[in-house]
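# Summary of structural features
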Amino acid sequence: MPGTLNAHPEMEGASDCRLEAANAETPAAEQPPAGAGEAGEARNAEPQGEPLLPGGAGTAQTDVPPGEGLGHHEAMENGEQGVCEPDGPFSASPEHASPVTVTSYSTLLELRNSEREKETSQNAVLSENVTSSTATGSIIDDNKTLMWSMATFCETIQSEKLHLDLGHFPRKAVQQDYCMPDVIPVRVQTDSDTFQDVAVKIERPTFRKPFLGGFKNRITGVEFHNAGSQTIPKKRPEKGTTLFCRETQTVFQKNKRQQTANPTSTQMTKVGLYVSNVTDKLITPGKYLTAEEYHKRRLEAVIVLQKYFRRWHARNLVQKLKAEKRLRLAWEAQEELRKKKEKEDKVRREHERRLNPKTKEDFELLYHALESWRQEEIERINGTLTGAERKAALCGLLEQEAHLIASIGRHKLNADEENQQKAVLHFLSKCAQPKRWKAYDGKTTEMDTPYTLRARELLEIYRSVSMNDIPQDERIDVLLTLRCTVKEHACELTKEIVELIDREVDLMSRKVKECNLEGLRKRICTLFLQYIKKPEFNPEVAKILKVPPDPLKLYKNVNFCRSCENYLPSTEFPVPANSRTIGRCHLCCKLDNEARRRESFLKYRLILENLRRSEAGYQDDTEIVFLVQLQDLQYMIENIWGCQSALSACSDLCDLVMVRWDKQQEWSPWNTILLTKDEADAHLKLCNLQEAYEAAFIHRIKQKHIRAKKYFAQIPAMTSFLPRSDKRANAS
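Note that this is a predicted model, so its numbers are computed, not measured.

Helix and strand content of the chain: 21 helices and 16 strands. Counting the 732 residues in the chain, one finds 26% classified as buried. Expressed as a percentage of contacts within the chain between residues at least 6 apart in sequence, the contacts between residues at least 24 apart total 64%. Carbon together with sulfur atoms contributes 53% to the accessible area of the chain, which is approximately 53,400 Å² in total.

And the structure:
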């Protein structure tokens, strides 16, 4: 480490003088790290690769006795940063000299005692090859000491030693400022006798290196800085996901005895010395507290804290329970209102359906209500009347029943006519719809083709022709438009339509009543509908009309109905799961129900539809649920489950649904349970049925499953005849 110490070695022990070393001014990063024990070696080290001083002169430092460097080093604080300047050649100029300030703290009379003068003169004599120090620009003789400089009390002595014996005292290297270039050439050996020059780019640090601490020699004043290096880390490739890291630090505790490094002392008043007692405090001992009393007090304090904490925790818990109770009561009230409203809506819909029946289910409800009324009347008559009065009452009841059946029949005819008209309009509207497809951005695109435009034109004409109660002029315009449309194609059908149009126009010109023209107008509508359904006149209808099946293929799937004595396709016959022969067709079963039993299958039909819809959502190719017919489901609900929920015994069929008992298995009559809608939602969320239900309840459900499996024993054999999906075919 470059630095100059310009004091005599024997002057280090003097208690009346202080030595200060001026260090070389170099960056902290270039200071080589050195331990405290290497301070003596660092002073005599010679940097390699740097030029020496010109000439034969060199600057030498005073040798430090071995072992003193380790004991005279001081650890530098983080805030201190020393600077060092390279040693310069011998010169009288102040800027090149390495000053050593010798500050005198005592009088010159004390320094000039004979004993110290003798030691100093003996140790200060230089060899013949060493030039002595200079004082105020003059050379001092070799046999003279610093005492001969005759310096006064307030003067400063600056001295340097110059060694001329280069053999024993090698020259000191001059440390110059060096700037690393941006690119340096490096020769790399690629083979035993081949070398290659590689240009290495130097990366400049973007930040100032931190001060890492160091050591300072208290004798020489030389500072040694700790140095460190940092290589730019390699960037990790981005994975596209945000990563979070969290640094943790674990505390390691260690018990170690340690003696304080700063001893202290006290001073008391004595003879010849006065110490002020103004700031003194008088301390008196208090009541002695035993360990048992201390722990008792701490226990009482802990109990107080626990009481307040438990009170706070209990208050929060009670408030939470109150809030949950309030929410629960509000939810129950809301659910009660919802159920009440749904029940009222259901009753209103049933009343409306009985007053204005339009579908087959509506007429089933009417016949079921009629049968219920008839059974009640018979029970009343049998319980209150006897003999001839009873027979007369039964005859009157029969007449009322016949009258009601006739009324239901009239409603049925009107409903069939309305339904037929709606079906025709729906059929024509489907033909007139434009082509639709969904684009890549999710938007729907519509396009009209000449065929859809033609179908839309025919639909508008049909609606106009079918309208009643319109003025005569408008009716004539509609008939003329229809005539121009059908005259585009010459055939027997169009000729007949034209003749009927001319006949209606002629009758309207003769002021014939409209009630007498209803048959003619219906005939025109029927013939025009036949015209629309022909693909030659309406090409778009060809995609919607049902293609008649091949008669040769019907021979294989035709069955004979013994009730109506007709040969019908197999799709017209209901096939229960336990049937062994083909029974009556659907129409015969319907007539038999209306005439005898008059049962309503609407509730069972809704349960079956909900079951099939829910099973389709599993997407596991379930098959048995589509084999079960309406009669099978009715048998299961009435005979096996007793028309009530397995949990709550609710008997309202409108609120009951069938779900899987084990949701991991396919639905079947031996893997199902009848529950309400709310109970079914909670049941499907269960993961372990053995833990959720009691053993007695599970045993009761298993018994019902055994009964169902015995009754529907033919279902597993029937599933083998169903067409399998591609998924199941690949699995097998």
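Let us keep going from here.
The subject of this paragraph is the packing of helix 14 (residues 602–618) against helix 16 (residues 630–640). Viewed as axis vectors pointing N to C, helix 14 and helix 16 meet at an angle of 100°, and their least axial separation amounts to 10 Å. It follows from the interaxial angle that helix 14 and helix 16 lie roughly perpendicular. Residues Tyr604, Arg605, Ile607 and Leu608 of helix 14 form the contact with helix 16, whose participating residues are Leu630, Leu633, Gln634, Ile637 and Glu638. Among the residues forming the contact of helix 14 with helix 16, the class breakdown is 6 nonpolar, 1 polar and 2 charged.

Together, Val186, Val188, Val198 and Val200 make up an exposed nonpolar region whose accessible area comes to about 230 Å². Elements that contribute at least two residues to the nonpolar patch include exactly strand 7 (183–189) and strand 8 (195–201). Structurally, the position occupied by valine 198 is in strand 8.

Bringing the packing of aromatic side chains into the picture now. Applying the stated rule across the entire model yields 10 aromatic pairs. Residues tryptophan 661 and phenylalanine 697 carry aromatic rings whose centres are separated by 6.4 Å and whose planes lie at 45° to one another, so their mutual orientation is tilted. One end of the pair, tryptophan 661, is in the loop between strand 15 (656–660) and strand 16 (672–676); the other, phenylalanine 697, is in helix 19 (residues 695–711), with 36 residues separating them in the sequence. A connected cluster of aromatic rings, assembled from ring pairs, spans Tyr462, Phe528, Tyr531 and Phe537. Lying across the ring of tyrosine 618, arginine 660 places its NZ or CZ 3.9 Å from the centre.

Attention now goes to the pairing of strand 12 (residues 444–447). Judged from the 4 bridges that link them, strand 11 (residues 435–438) and strand 12 form a sheet pairing that is antiparallel. What sits directly across from lysine 438, in strand 12, is threonine 444. Between strand 11 and the antiparallel strand that follows it, strand 12, lie 5 residues; glycine 442 among them carries a positive phi value of about 90°.

Right, let's get into the pairing of strand 14 (residues 566–569). Strand direction decides the pairing type here: strand 13 (residues 558–561) and strand 14, joined by 4 bridges, are antiparallel. Counted as the bridge partner of phenylalanine 560 is tyrosine 567 from strand 14. Once strand 13 ends, the chain turns through 4 residues before running back antiparallel as strand 14, passing glutamate 565 with a positive phi of about 55°.

The next thing to look at is helix 6 (residues 360–384). Helix length check: helix 6, at 25 residues, gives a terminal C-alpha distance of 36 Å against a target of 36 Å (1.5 Å per residue), a fit within 8%. Restricting attention to buried positions, one finds in helix 6 the residues Asp362, Phe363, Glu364, Leu365, Leu366, Tyr367, Leu370, Glu371, Arg374, Glu377 and Ile381. In this structure, the buried side of helix 6 is in contact with helix 5 (291–355), helix 7 (387–432), helix 13 (586–597) and helix 14.

Tracing the backbone shows glutamate 364 in helix 6. Every residue in contact with glutamate 364, bar those within four places of it in the chain, is listed here: Ser600, Phe601, Leu602 and Arg605.

Orientation of helix 8 (residues 450–466) relative to helix 9 (residues 472–486), taken along the N-to-C sense of each, is 145°, at an axis distance of 10 Å. Along this stretch, helix 8 crosses helix 9, giving a crossing that reads as left-handed. Where helix 8 abuts helix 9, its residues Arg454, Leu458, Ile461, Ser464 and Val465 lie against Arg475, Val478, Thr481, Leu482 and Thr485. Along the lines of polarity and charge, the residues of the contact of helix 8 with helix 9 split into 5 nonpolar, 3 polar and 2 charged.

Attention now goes to the nonpolar core. If you look at the biggest cluster of nonpolar residues, it comprises 36 residues, and the most contacted ones within it are Ile637, Trp641, Met658, Trp661, Trp667 and Ile673. Going through the elements one at a time, helix 14, helix 15 (624–627), helix 16, strand 15, strand 16 and helix 19 are the ones with two or more residues in this core. It is helix 16 that contributes the most residues to this core, 5 residues altogether.

The next thing to look at is the pattern of salt bridges. Going through the model one piece at a time under the given rule, you end up with 29 salt bridges. With a closest N to O distance of 3.4 Å, arginine 596 and aspartate 592 form a salt bridge. With arginine 596 and aspartate 592 both in helix 13, this residue pair falls 4 residues apart, about one helical turn. When its relative accessible area of 63% is taken as the criterion, arginine 596 is described as exposed. Each member of the salt-bridge network shares a partner with another, and the members are Glu371, Arg374, Glu401 and Arg598.

A positive phi angle is found at aspartate 469, which is not glycine, with a value near 60°. Topologically, aspartate 469 is positioned in the loop between helix 8 and helix 9. Since its relative accessible area comes to 70%, aspartate 469 is described here as exposed. Of note, arginine 598 is a non-glycine position whose phi angle comes to about 55°, a positive value. Structurally, the position occupied by arginine 598 is in the loop between helix 13 and helix 14.

A few words on the confidence of the model for the chain. When pLDDT is averaged along the chain, the result is 75; 70% of the residues meet or exceed 70. The secondary structure element of the chain with the lowest average pLDDT is strand 1 (residues 58–59), at 36, and the one with the highest is helix 5, at 93. Within the model, pLDDT remains below 50 along residues 725–732, and this stretch shows 6 contacts once partners closer than five positions in the same chain are excluded.

To continue, consider the environment of leucine 500. Structurally, leucine 500 is set in helix 10 (residues 492–509). The sequence separation of leucine 500 and arginine 523 amounts to 23 residues, and the corresponding C-alpha distance is 8.2 Å. Excluding residues that lie within four positions of it along the chain, leucine 500 makes contacts with Leu520, Arg523, Ile524 and Leu527.

Cut-offs and rules
- Residues numbered from 1 in each chain as written.
- Predicted model: local features only at pLDDT ≥ 70, side-chain atom pairs only at ≥ 80, totals over all residues.
- Heavy atoms only, no water.
- Helix = DSSP H or I, 4+ residues; strand = E, 2+ residues; numbered from the N terminus.
- Buried < 20%, exposed > 50% of the residue type's maximum accessible area, 1.4 Å probe, protein only.
- Contact = heavy atoms within 4.5 Å.
- Areas by Shrake-Rupley, 256 points an atom, 1.4 Å probe, with all protein chains shown as cover.
- Axes fitted to C-alpha atoms, helices over the stretch in contact; angles between N-to-C directions.
- Parallel < 35°, antiparallel > 145°, perpendicular 65-115°, else oblique.
- Nonpolar A, V, L, I, M, F, W, Y, C, P; charged D, E, K, R; others polar.
- Patch = residues over 30% accessible without salt bridge, like charges linked within 9 Å, V, L, I, M, F, W, Y side chains within 5 Å.
- Salt bridge = Lys/Arg side-chain N within 4 Å of Asp/Glu carboxyl O.
- Phe/Tyr/Trp six-rings, centres within 6.5 Å; stacked < 30°, edge-to-face > 60°.
- Lys NZ or Arg CZ within 6 Å of the ring centre and 35° of its normal.
- Pairing = 2+ DSSP bridges.
- Expected span 1.5 Å × (residues − 1).
- Left-handed = near helix turned anticlockwise from the far one by under 90°.
- Core = buried A, V, L, I, M, F, W, Y, C linked by side-chain atoms within 4.5 Å.
- pLDDT = per-residue confidence, 0-100.

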